[in-house]
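Overview (structure and organization)
If you want the building blocks of each chain, they are given just below.
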Amino acid sequence: MSSVERHQKILEMVQAKGYESVINLCKKLKVSAVTVRKDLKLLEKSNKLFRIHGGASNTNPFTADRPVNEKENLQREEKKAIAIKAAQYIEPNDSIIIASGTSLLALAREIKPSGKLTVITSAIQVAGELVKHTNIDVLQLGGLMRHSSSSVVGSYAENILSDFFCTKLFLGVDGIDFGFGVTTSNSMEAQLNKQMMQVVQKVIVLADHTKFGKRGFSRICGLDEIDEIITDKNISPAIVEKCISSGIKVTLV
């Protein structure tokens, strides 16, 4: 097989699944990992694919910070389905943390607690949805307001969290990358999310299928620190298998 034929085969394999690992490419093409990595580097230079940890993707793995009203219109149905499922995890007399993001705003709209519920949140819009319910006590974190996400960040919000302990954190992310971990586009938000993780029993990530294979600017944590990911059925089976093999519970809706 010539290099031209090999490159075409690589592109076909990556396009078919949206992602392909170096290991699988080596097996299919019967060449060394060194050769495959050189091929991927050349193809990326030609803007034909994107190299990511352990393989290649047909979509840009790097995410940009966008306004919440713009992101809210993306994957709207998937986010609603994820939110409905996540809301079922909330128990009577529960105490939870809801971080910021459009998937978390969708969750807030689906919460209809049968008993008392206490929610700590950094997101103004989430608080606005939950305050409509008389049986939900909302603790709105204070701090520096992020205009793009309508949520607060900073040391003031982080310090308040040290006084509480909750059962669950529902976390929204900008990217999930098997090499780099769970990420967001803002460093201060990542720091607040880390502090949220320290004061809960369970971390549940709400992420539609487009978040996988992507990297935001700031790392929140490694995948081994996540208890569960709720995502939609449009996710690649190969990614689900990789999550499960990494010890992460994946719930599809």
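Residues numbered from 1 in each chain as written. Predicted model: local features only at pLDDT ≥ 70, side-chain atom pairs only at ≥ 80, totals over all residues. Heavy atoms only, no water.

For the chain, the name recorded in an unreviewed UniProt entry is DeoR/GlpR transcriptional regulator, with Hanamia caeni as its organism.

A separate point is the overall build of the chain. Scanning the chain from terminus to terminus reveals 10 helices and 15 strands. Its C-alpha atoms give the chain a radius of gyration of 20 Å, within 12% of the compact-globule value 18 Å for 253 residues. Along the longest, intermediate and shortest principal axes, the C-alpha atoms of the chain span 70 × 30 × 30 Å. Within the span of the chain, comprising 253 residues, buried residues form 51% of the whole. Long-range contacts, defined as pairs at least 24 residues apart, comprise 63% of the intrachain contacts of the chain with a sequence gap of at least 6. (Helix = DSSP H or I, 4+ residues; strand = E, 2+ residues; numbered from the N terminus. Rg over C-alpha atoms; globule rule 2.2 N^0.38 Å. Buried < 20%, exposed > 50% of the residue type's maximum accessible area, 1.4 Å probe, protein only. Contact = heavy atoms within 4.5 Å.)

Sheet strands pair via backbone hydrogen bonds, and the direction of the pair is either parallel or antiparallel. Strands sit in the order 6-5-4-9-12-14-15 across an open sheet of 7 strands; the sheet is parallel. The open sheet is flanked by strand 6 (136–140) and strand 15 (249–252), the only strands paired with a single partner. Between one strand axis and the next, the sheet turns by 20 degrees as a mean value, whatever way the strands run. Alignment of strand 4 (residues 94–98) against strand 5 (residues 117–121), held across 5 bridges, turns out to be parallel. Paired with Ile98 across the two strands is Thr121, which belongs to strand 5. (Pairing = 2+ DSSP bridges. Axes fitted to C-alpha atoms, helices over the stretch in contact; angles between N-to-C directions.)

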